[in-house]
Number of protein chains: 2
Amino acid sequence: MMVRMVYERRDVIPLIGEAFRRYGFEGTSISRLTEHTKLGKGSLYNFFPGGKDAMAEAVLDHIHQWFETEIFKPLDELNPSEALDMMFAGVSKYFRSGQRICLVGAFALEETRDRFSSAVCSYFDRWIHALSGALQRSGMNSADAGTLAAEVVAGIQGAIVLSRALMDETRFAAIIARLAQRCRGG
Amino acid sequence: MMVRMVYERRDVIPLIGEAFRRYGFEGTSISRLTEHTKLGKGSLYNFFPGGKDAMAEAVLDHIHQWFETEIFKPLDELNPSEALDMMFAGVSKYFRSGQRICLVGAFALEETRDRFSSAVCSYFDRWIHALSGALQRSGMNSADAGTLAAEVVAGIQGAIVLSRALMDETRFAAIIARLAQRCRGG
DNA sequence: CTTACACTTTACCGATAGGTACAAAATATC
DNA sequence: GATATTTTGTACCTATCGGTAAAGTGTAAG
């Protein structure tokens with residue numbers, strides 16, 4: 001077994017993710033990634049023999065894992081009220097009040113959706129079902145919980161778009177607050 | 001004055017817009033635009049001496065004009081209930097139940113936002129204010145109307161993201177229906 | 001018919017795209 | 001320390017990128 005190196009595959013995935021966030025999938029060139037990761041082309045293709053597509057796949061998987069442990073699992077297992085607080089606080093921090101985009105949402109809007117459709121689909125599907133489950137455990141009936149869950153997940157995506165478009169972080173916070181309120185039955 | 005030709009500048013703008021929608025700004029190459037518009041490179045640069053940026057600017061302007069006459073003006077001038085119906089019906093048709101993306105929203109997520117920030121910002125600003133005005137005329141107080149307007153515009157953007165991610169048009173319709181219901185005070 | 005101008009076609013430009021080849025260097029195993 | 005394996009740097013490949021130049025073609029006004 002090798003001793004932990006400064007740059008392993010798993011260390012470079014978040015850096016690639018940030019580059020995709022900033023420039024989009026098409027707008028991120030390999031040479032831009034070498035600057036951003038401080039890794040040569042050879043190293044990049046050594047870690048990701050599948051090229052840019054494989055990098056995107058790895059990034060999407062990494063994101064899904066983060067949400068799985070930080071958001072989805074708590075929604076499944078914790079008591080609903082606590083889990084909902086955790087979710088809204090978690091996404092506000094993760095998306096930096098809308099200044100950091102949701103890469104999965106951005107991919108859904110691009111042509112790249114077709115290339116990574118299963119990753120994109122499973123992320124949102126998992127989120128909605130986890131949220132819907134928590135809402136049901138908090139006393140909501142199944143149909144209402146499903147509708148509200150989809151509404152909330154969509155609302156978060158929309159809040160990112162809007163706060164970035166208007167370059168106003170407070171928009172994100174305001175919309176998130178309203179969504180949280182409605183989950184509490186307001 | 002010249003006789004109306006088959007391809008004028010204004011005829012080609014929607015075609016360029018559709019290409020941007022499908023492939024994104026970075027993903028749309030000039031050669032792809034020549035195929036999509038059936039115009040040579042020379043013709044394109046004759047119509048848009050500023051290149052791809054000028055094309056995007058023209059497309060954004062064209063979109064804003066469409067919304068101005070079909071959505072924003074009615075919200076300003078018609079009676080609120082009628083204007084709201086028109087808005088929800090209009091966007092559902094325009095975005096083809098989420099299968100056709102909002103280019104302005106997509107630009108807000110990309111790096112291109114910085115290049116076209118004023119067009120992106122004014123589009124959403126205008127929409128929110130027009131909607132807020134209609135909601136106020138329907139009896140809502142100013143603060144609530146402003147909050148709900150932002151929520152609805154964000155919700156529409158989120159509905160596009162979600163329905164595309166899940167490849168399910170019915171999601172779009174369901175979320176739009178709920179947003180409409182809340183505008184009617186439900 | 002001629003002149004003027006709008007439009008199109010074609011060839012071309014340097015830069016950069018994603019990707020490969022391969023030798024050198026670093027590291028791990030024995 | 002010798003050997004096997006990973007990791008890295010560099011040079012290189014073809015294709016395409018956005019954009020330009022200029023000659024040619026069509027149309028319209030005088």
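Our subject is the structure that appears above.
Since we're looking at a predicted model, the values are computed, not measured.

Enquirer: Is there a simple way to explain the overall build of chain A in this structure?
Expert: When you go through chain A residue by residue, the secondary structure sums to 10 helices and zero strands. Put simply, chain A runs from its N terminus to its C terminus through helices and strands in the order α-α-α-α-α-α-α-α-α-α. In terms of overall dimensions, chain A is globule-like: its C-alpha atoms have a radius of gyration of 18 Å, near the 16 Å expected for 186 residues. A total of 186 residues make up chain A; the buried ones form 52% of that total. Restricting to contacts in chain A with at least 6 residues of sequence separation, those with at least 24 account for 64%. Only carbon and sulfur atoms are counted for the fraction: they give 52% of the accessible area of chain A, which is about 8,100 Å². Distance between charge centroids for chain A: 5 Å, based on 22 positive and 22 negative side chains.

Enquirer: So what exactly am I meant to see when it comes to the packing of helix α9 (residues 142-165) of chain A against helix α9 (residues 142-165) of chain B here?
Expert: A packed helix pair is summarised by two numbers, namely the angle formed by the two axes and the spacing between the axes. Between α9 of chain A and α9 of chain B, the least distance of the axes is 6 Å, while the angle of their chain directions is 105°. Between α9 of chain A and α9 of chain B, the interaxial angle falls into the category roughly perpendicular. On α9 of chain B, the residues touching A150, V153, A154, Q157, G158, A159, V161 and L162 of chain A of α9 of chain A are A150, V153, A154, Q157, G158, A159, V161 and L162 of chain B. Broken down by class, the residue content of the contact of α9 of chain A with α9 of chain B amounts to 12 nonpolar, four polar and no charged.

Enquirer: Mind showing me how you'd approach the environment of G139 of chain A here?
Expert: Relative to the helices and strands, G139 of chain A resides in the loop between α8 (117-137) and α9. Each C-alpha atom, one on G139 of chain A and one on I63 of chain A, is 30 Å from the other, the two residues being 76 residues apart in sequence.

Enquirer: Any chance you could explain the relation of the copies chain A and chain B here in plain terms?
Expert: Here two copies of a chain appear, and what relates them is a rotation about an axis with a shift along it. Superposing chain A onto chain B takes a rotation of 180° combined with a translation of 0.0 Å along the rotation axis, leaving an RMSD of 0.0 Å. Considering both components of the superposition, the chain copies are consistent with a two-fold axis. In terms of C-alpha distance to the rotation axis, chain A has G158 of chain A as its closest residue, with the C-alpha 2.0 Å off the axis. In this assembly, 100% of the residues forming the interface of chain A have copies in chain B that are likewise at the interface, indicating an isologous arrangement.

Enquirer: How do you make sense of unusual backbone geometry when you look at a structure like this?
Expert: With the exception of glycine, most residues fall at negative phi, and the peptide bonds are largely trans. Phi angles above zero are rare outside glycine, and K38 of chain A is one such case at about 60°. Looking at the secondary structure, you find K38 of chain A in the loop between α2 (30-37) and α3 (41-47). Relative accessible area serves as the criterion here: at 69%, K38 of chain A is assigned to the exposed category. Of note in this structure, S97 of chain B is not a glycine but carries a positive phi near 50°.

Enquirer: Whenever I open this one, the packing of α9 of chain A against helix α8 (residues 117-137) of chain B confuses me. Can you help?
Expert: Viewed as axis vectors pointing N to C, α9 of chain A and α8 of chain B meet at an angle of 115°, and their least axial separation amounts to 8 Å. Here α8 of chain B runs roughly perpendicular to α9 of chain A, going by the angle between their axes. Together, V161, L162 and A165 of chain A of α9 of chain A and V120, C121, F124 and I128 of chain B of α8 of chain B make up the contact between the two elements. For the contact of α9 of chain A with α8 of chain B, the residue count by class is seven nonpolar, no polar and no charged.

Enquirer: Would you mind going over the packing of aromatic side chains with me for this structure?
Expert: By convention here, two paired aromatic rings are described through the distance between centres and the angle between planes. Taken as a whole, this structure holds 34 aromatic pairs over all chains when the rule is applied. An angle of 75° between the planes, with centres 5.7 Å apart, marks the rings of F25 of chain B and F116 of chain B as edge-to-face. On the criterion of sequence distance, the pair formed by F25 of chain B in the loop between α1 (9-23) and α2 (30-37) and F116 of chain B in the loop between α7 (112-115) and α8 is long-range, its members being 91 residues apart. Overall, the relative accessible area of 2% leaves F25 of chain B in the buried class. Judged by its relative accessible area of 1%, F116 of chain B is buried. Linked through ring pairs, W66, F67, F72, Y94, F95, Y123, F124 and W127 of chain A together constitute an aromatic cluster.

Enquirer: Is there a simple way to explain the interface of chain A and chain B in this structure?
Expert: Bring the parts together and some accessible area is lost; that lost area is often taken as the interface size. At the interface, 40 residues of chain A touch 40 residues of chain B. Counting each side, the surface lost to burial between chain A and chain B is near 3,600 Å², with a carbon and sulfur contribution of 66%. Taken together, chain A and chain B are joined by two salt bridges. Seen at the junction of chain A and chain B, the total is six residue pairs in polar contact (both at pLDDT 80 or more). When residues of the side of chain A that touches chain B are traced back to their parent elements, those giving at least two are α1 (9-23), α6 (103-109), α8, α9 and α10 (169-183) of chain A. Top contributing element to the side of chain A that touches chain B by residue count: α9 of chain A, with 14 residues.

Enquirer: Sorry if this is basic, but what is going on with the side chain of Q157 of chain B here?
Expert: Mapped onto the elements, Q157 of chain B comes out in helix α9. Each residue touching Q157 of chain B, except ones within four places of it in the same chain, is listed here: G158 and V161 of chain A together with C102, G105, F124 and W127 of chain B.

Enquirer: Help me out: how do you make sense of the nonpolar core in this one?
Expert: Most often, soluble globular proteins have nonpolar side chains that are buried together. Within the largest apolar cluster, 133 residues are counted, with the highest numbers of intra-cluster contacts made by W127 of chain A together with W127 of chain B. Ignoring anything within four residues of it in the chain, the contact list for W127 of chain B reads F67, I71, F72, L75, M87, V91, V153, I156 and Q157 of chain B.

Cut-offs used in this document
Residues numbered from 1 in each chain as written. Chains lettered and ligands numbered in written order. Predicted model: local features only at pLDDT ≥ 70, side-chain atom pairs only at ≥ 80, totals over all residues. Heavy atoms only, no water. Helix = DSSP H or I, 4+ residues; strand = E, 2+ residues; numbered from the N terminus. Rg over C-alpha atoms; globule rule 2.2 N^0.38 Å. Buried < 20%, exposed > 50% of the residue type's maximum accessible area, 1.4 Å probe, protein only. Contact = heavy atoms within 4.5 Å. Areas by Shrake-Rupley, 256 points an atom, 1.4 Å probe, with all protein chains shown as cover. Lys, Arg positive; Asp, Glu negative; His and termini not counted. Charge placed at Lys NZ, Arg CZ, Asp CG, Glu CD. Axes fitted to C-alpha atoms, helices over the stretch in contact; angles between N-to-C directions. Parallel < 35°, antiparallel > 145°, perpendicular 65-115°, else oblique. Nonpolar A, V, L, I, M, F, W, Y, C, P; charged D, E, K, R; others polar. Least-squares fit on C-alpha atoms with pLDDT ≥ 70 in both. Phe/Tyr/Trp six-rings, centres within 6.5 Å; stacked < 30°, edge-to-face > 60°. Buried area = accessible area lost by both parts, 1.4 Å probe. Salt bridge = Lys/Arg side-chain N within 4 Å of Asp/Glu carboxyl O. Polar contact = N/O pair within 3.5 Å; in protein donor to acceptor, adjacent residues only side chain to side chain. Core = buried A, V, L, I, M, F, W, Y, C linked by side-chain atoms within 4.5 Å.

Don't take any of this as a statement about function, it's just geometry.
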